[in-house]
Amino acid sequence: MNLKGKNVLVTGGSRGIGKSVALTLAKAGANVIINYTSNSTAAEETVKEIESFGVQGLAIKANISDASEVNKMLEMIEEKFHKIDILVNNAGITKDNLLIRMKEEDWDQVMEVNLKGTFLCTKAIAKKMIKQKSGKIINISSVVGVMGNAGQANYCASKAGVIGFTKALAKELAGRGITVNAIAPGFIDTDMTSTLSGDVKEQLLNQIPLKRYGKPEDIANLILFLSSDLSEYITGQVIHVDGGMAM
Ligand code: NAP
């Protein structure tokens, strides 16, 4: 799968799943822009690793839930890369609690980053893709956006929202040569899940038929396929990469 000459934006591409996606696509020949919000050291390290594949890399600090920061990010990308072929809406956060203890601000923050951030980045880039008459948009949802999970009402609602958003856009943009798909990862070993207690991890493992947690590369490999010409006839789908958790 050769992505030579393609330009990719991976939101939240400095760490975890996003970093693995960035490196996998760079290895396939794409120039990769990563976005992040606070950890510049991790972002710069990831750019160095992207460039080690002989492609161009760029890290842009921008909070994806802020429209003006997203628009500035787009200007910076256009200046250096002129167009975006593939958008991976990956940045996301959790603020877990049982509903009765969940603060309104924790609800708002999760919706703002996971759902509104996906909307803002997609809106900005889809305009360019429509003019180009081509593009691939890949949104990261979650298995819990389909199954639900106690203690994550905000996160599950945001990730279910990403699925509805994906399907609506797939219909809106199909005639413009743009495909839009979502991936629903299961439990993937990253910073996001490292704070879960041993008990919770054990319970999760018992729900995974393949009997292991996922690796960021398990998600990145599917994104490589969805970014390539081999996926041309796939749009509006939610593809699970979860060791069989949801079936
Ligand atoms: P992670 O390790 O916590 O990394 C999150 C990334 O998102 C970081 O690069 C972070 O940047 C960036 N980010 C956070 N808030 C942002 C904002 N407001 N604007 C721009 N960037 C922001 O997360 P992960 O586990 O790799 O998860 C990646 C995606 O997969 C998320 O959407 C998550 O919901 C989804 N997912 C994860 C799992 C899992 O088990 N890990 C399962 C299902 C779905 P900084 O470094 O600057 O903070």
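The structure we're discussing is the one just above.
From a predicted model like this one, the values you see are computed outputs, not experimental measurements.

Right, let's get into the sheet that holds strand β5 (residues 135–140). Spatially, the seven strands line up as an open sheet ordered β3-β2-β1-β4-β5-β6-β7, and their pairing is parallel. Of all the strands in the sheet, just β3 (57–61) and β7 (238–241) have a single pairing partner and so form its edges. The mean inter-strand angle of the sheet, taken between neighbouring strand axes irrespective of direction, is 20°. Helix α4 (residues 104–132) rests against β1 (7–10), β4 (86–89), β5 and β6 (178–185) of the sheet, and its axis sits at about 170° to β4.

Let us look at the site of the ligand. The immediate surroundings of the ligand are formed by 31 residues, with Ser38, Asn90, Tyr155, Ile188 and Thr190 found nearest. Between an oxygen atom of the ligand and a main-chain N or O atom of Gly12, the distance comes to 3.3 Å. One of the backbone N or O atoms of Ser38 is found 2.6 Å from an oxygen atom in the ligand. When the ligand is considered free in solution it has 910 Å² of accessible area, and contact with the protein chains removes 94% of it. Where the shell around the ligand is concerned, the elements lending two or more residues are α1 (16–27), β2 (31–36), α6 (153–173) and α7 (191–194). For the shell around the ligand, the element with the highest residue contribution is α7, accounting for three residues.

Counting 32 residues, the largest nonpolar core has Leu25, Val32, Ile183 and Ile223 as the members making the most contacts within it. Among the elements of the structure, β1, α1, β2, α2 (40–51), β4, β5 and α9 (216–227) are those that each provide at least two residues to this core. Not counting residues up to four positions away in its chain, the partners in contact with Val32 are Val8, Val10, Ala22, Leu25, Ala26, Ile50, Gln56, Gly57 and Leu58. Listed in part, the 28 residues of the second largest apolar core include Val113, Ala124, Leu169 and Val180.

Following the sequence through the fold, Leu23 ends up in helix α1. Put simply, Leu23 and Gly198 are 175 residues apart on the chain and 30 Å apart in space, counted from C-alpha to C-alpha.

Side chains of Glu104, Glu105, Asp108 and Glu112 sit close together on the surface and give a patch of like negative charge. Along the chain, the position of Glu104 falls in helix α4.

The rules behind these values
- Residues numbered from 1 in each chain as written.
- Predicted model: local features only at pLDDT ≥ 70, side-chain atom pairs only at ≥ 80, totals over all residues.
- Heavy atoms only, no water.
- Pairing = 2+ DSSP bridges.
- Helix = DSSP H or I, 4+ residues; strand = E, 2+ residues; numbered from the N terminus.
- Axes fitted to C-alpha atoms, helices over the stretch in contact; angles between N-to-C directions.
- Contact = heavy atoms within 4.5 Å.
- Near = heavy atom within 4 Å.
- Polar contact = N/O pair within 3.5 Å; in protein donor to acceptor, adjacent residues only side chain to side chain.
- Areas by Shrake-Rupley, 256 points an atom, 1.4 Å probe, with all protein chains shown as cover.
- Core = buried A, V, L, I, M, F, W, Y, C linked by side-chain atoms within 4.5 Å.
- Buried < 20%, exposed > 50% of the residue type's maximum accessible area, 1.4 Å probe, protein only.
- Patch = residues over 30% accessible without salt bridge, like charges linked within 9 Å, V, L, I, M, F, W, Y side chains within 5 Å.
- Salt bridge = Lys/Arg side-chain N within 4 Å of Asp/Glu carboxyl O.
- Lys, Arg positive; Asp, Glu negative; His and termini not counted.
- Charge placed at Lys NZ, Arg CZ, Asp CG, Glu CD.

The analysis is restricted to geometry; functional conclusions fall outside its scope.
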